[in-house]
Structures are given as C-alpha cells and as structure tokens.
Amino acid sequence: MSSLIITEDSIPDLAGKTAVVTGGSSGIGLGTVQVLLDHNARVFILDVSLPPSDILSKKATYIQTDIASWPSLVQAFTTITTVHKCAIDIAIGNAGVFETESYATQCLAPLSIEPSAWSTLEHMDAPTYGCVEVNLKGTLNFVMLAARVMRGQESGGSIVLTSSTTAYLPEQTVPVYSATKAALVNLVRALRPTFPLHNISISGVAPSATLSAMVPQEITSALSSSGLPVSTGRHVGLALVYSATAMQRQRVENYGKDEPVTEQYEGRWNGRIIHTIGDTFWEVEEKLAETKGQWWGEANLAFAKKQQIVTDARIG
Ligand SMILES: NC(=O)c1ccc[n+]([C@@H]2O[C@H](COP(=O)([O-])OP(=O)(O)OC[C@H]3O[C@@H](n4cnc5c(N)ncnc54)[C@H](O)[C@@H]3O)[C@@H](O)[C@H]2O)c1
C-alpha cells in the first residue's frame, strides 16, 4: 500500500462542475457533499432521507431517490439532466446499508431433513438481501446511468464508489455486506481498462471505521477509547472527491493490448482504491497489481495475460 497525502488543497476549484452523490444526506456522503460545495461544485444529493436543511442552497439540491428502485433512479437522472439541464461531471455512488440479520446464523440454523420441514421452507418467502439490493444492484444501476450520461459528454466524467475495508478484510459478522463491498472493488477492476477509452474514470474508496449513522456510536466510542483509529465523514469525503479529480502518472496495470505507458503519461485517476483509516489515506490497487505474480503464480499470470490479449475486444 502506498501512503497518500491528500489535503483540501489537493482538490481543484470545481466551479462549473456538477456532482451527484448517492447517500449524500448523512455520514460519509454528507462529508463528500460538504467537500464538493466548499470547492464550488453544483451538487445533487440522491438519498431516501432528507439531508440537514442547512446544506441545501442554490448549489445543493436534494432529490428523494431510492437507488434500489430503477424508476426512482431514472427519475433522478431525468430531473438532473432535463429539468436542471446539468451535465454530470462527477458521480459518487456512496449509498449503502448494513446487513440486518446475520446470514451466517441463518445458514447454520438446524434443519430437519423431514419432508414437512422442506415443505415449510418451500412455502416461506424467499430470503431477501437488502444490502445486495442497495449496495450492489443499486450501485450497478447508478454506474450504468452515470456512464451513459458521461459517454455523451465531450469532457466525459468521473465515477467513484464507496466500498469498504471489509472488501479486503471481510468481517465475519457481516458476510453479505462484505461480499457486496468486494463486488464493488472487482467492478472497478473489471471496468478500469474500458471506461477511460470513453473519457470516463472509475475508482473507489474503502473506508475503515468512520463516524456515521451506520455505525452505532457505542462502537465508534469503544474504538476511540481503545486508541483505535476512527475517521470522520469529511476525511473519507476528501478521498472520494480526490479520486474524482486527481491525475495519475501511470496506470494501475496494463490490460490486454494496452501499450505500456510512456514517461509523459498523465491520465485521470482510474481503477484505484483509496483505503481511509483514521486521518490517513492509502492507495491499495497498484501494489496488489504489482505483486500479482507472487500471489497468483508467475506462470498462471503469464497465461492470463496472454488470454487477455487474445480476447481483448475493447472498442477504442
Ligand atoms: N461508516 C463506516 O464505518 C463505513 C465503513 C466502510 C464503508 N462504509 C460505507 O460508506 C457508505 C456511506 O455510509 P455511512 O457510513 O455514511 O452511513 P450513513 O447511514 O450515515 O449514510 C448512508 C446514507 O445512504 C442513504 N441510503 C441508504 N439506502 C439508500 C437507498 N436505497 N437509496 C438512496 N440512499 C440510501 C441513507 O439514507 C444515508 O443517508 C456506505 O456505502 C457504507 O457501506 C461506511
């Protein structure tokens, strides 16, 4: 992991730029909205809940949106682009929910193999997974709509997703949540070779414990009093906005038929994940890509790279 220094001065003036933030009414999303507004962006907050009223202004508009509902999400994008006639330069897919019932406990509940027990299960509603609907399906749909808008803009745009440390270090109490957050990291990895060909970047941020409505205060207080780091929403917001605006001197890795980058290369920050912990920032993906041969096996990696070249059908 490489340590990063990100300060308010790392963020450029965003006057004339429009940003959309899902889950912008609270916690990390609200911190992100504050960073964007302080740097003069026009901001749309897409959330199921109202933001604090003092954040709303001519520059900050709330659109009640449930990202798990396709019609609701489409309506929000329609309002931004046709009613407000705004472009979308920055799209931050941050809304997320925690796992409510323990999946592991449900998996391990004793089950009789008697036919009557199966019959009871058959007549029950199928299990539902709120965090898959919101964290994964809702975010997939958000990325799709944002990318389609950005594709039609000359200046393209930047998409950044809020993943979690649990994507890399899964938490046994929240296996489904951890799975959705790991899926977002792999989504970034899978899209990073393609989106830049259309002037769109995609990156993520993986926060560790952060003050917000999602994490009960007794947990953050217990962490702090044990000397463990807890971030603020604004700190994570800075990483999200940085990811949408920074430049990079090299790609995380080359894919398929990519030409190796030259020394003059300067492109948009892309395909990277910033881990936030306490008041620090760390970029994770470059080191993981660099050491792939060690953990995947040099021979297996060479095979995979050759396979990528043969199957690389990206549209330039
Ligand atoms: N707080 C942490 O320690 C922590 C750590 C890692 C990752 N995260 C991630 O950060 C993101 C933000 O969470 P937070 O900690 O700020 O929590 P939060 O509860 O304070 O904020 C989440 C926001 O998302 C909104 N939201 C929930 N479901 C929605 C939906 N279907 N459509 C639109 N909006 C919806 C909520 O109304 C809320 O405003 C989440 O994706 C979460 O998984 C948080």
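To be clear, the structure that these remarks concern was listed above.
Remember, predicted model here, so these are calculated numbers, not experimental data. (Residues numbered from 1 in each chain as written. Predicted model: local features only at pLDDT ≥ 70, side-chain atom pairs only at ≥ 80, totals over all residues. Heavy atoms only, no water.)

*Asks:* Give a detailed account of the environment of V205, specifying residues and quantitative values.
*Replies:* The residue V205 is located in strand β7 (residues 200–207) in this model. When the C-alpha atoms of V205 and E171 are compared, they prove to be 17 Å apart, with 34 residues separating the residues in sequence. (Helix = DSSP H or I, 4+ residues; strand = E, 2+ residues; numbered from the N terminus.)

*Asks:* Can you explain helix α1 (residues 27–38)? Please cite residues and give values.
*Replies:* Between its terminal C-alpha atoms α1 stretches 17 Å, which fits the 16 Å expected from 12 residues at 1.5 Å a residue. Residues of α1 that are buried include every one of I28, G29, L30, G31, T32, V33, V35 and L36, and no others. In this fold, the buried residues of α1 make contact with β2 (18–22), β3 (42–47), β5 (90–93), β7 and α8 (233–245). Directly beyond the C-terminal end of α1, a positive phi value near 75 degrees is found at N40. (Expected span 1.5 Å × (residues − 1). Buried < 20%, exposed > 50% of the residue type's maximum accessible area, 1.4 Å probe, protein only. Contact = heavy atoms within 4.5 Å.)

*Asks:* Which residues make up the packing of aromatic side chains, and what are the values?
*Replies:* Under the defined criterion, the tally for this structure stands at five aromatic pairs. Aromatic pair W295 and W296: ring centres 6.4 Å apart, planes at 75 degrees, arrangement edge-to-face. Here W295 falls in the partly exposed class, since its relative accessible area comes to 49%. Here R272 stacks its cationic end above the ring of W269, 5.1 Å away from the centre of that ring. (Phe/Tyr/Trp six-rings, centres within 6.5 Å; stacked < 30°, edge-to-face > 60°. Lys NZ or Arg CZ within 6 Å of the ring centre and 35° of its normal.)

*Asks:* Before we move on, could you go through the sheet that holds β5 and cite the residues and values that matter?
*Replies:* Taken in spatial order, the nine strands line up as β1-β11-β10-β7-β6-β5-β2-β3-β4 in an open sheet, and their pairing is mixed. Each end of this open sheet is capped by a strand with a single partner; those strands are β1 (2–4) and β4 (60–64). The sheet shows a mean angle of 20 degrees between the axes of neighbouring strands, taken without regard to direction. The pairing of β2 with β3 spans five bridges and is parallel. Its bridge partner lying in β3, T18 is registered against R42. Most of the contacts of helix α2 (residues 70–83) go to β3, to which it runs at about 165 degrees, and overall it touches β2, β3 and β4. The sheet contacts of helix α5 (residues 130–151) involve β2, β3, β5, β6 (157–162) and β7, and relative to β6 the element is tilted by about 170 degrees. (Pairing = 2+ DSSP bridges. Axes fitted to C-alpha atoms, helices over the stretch in contact; angles between N-to-C directions.)

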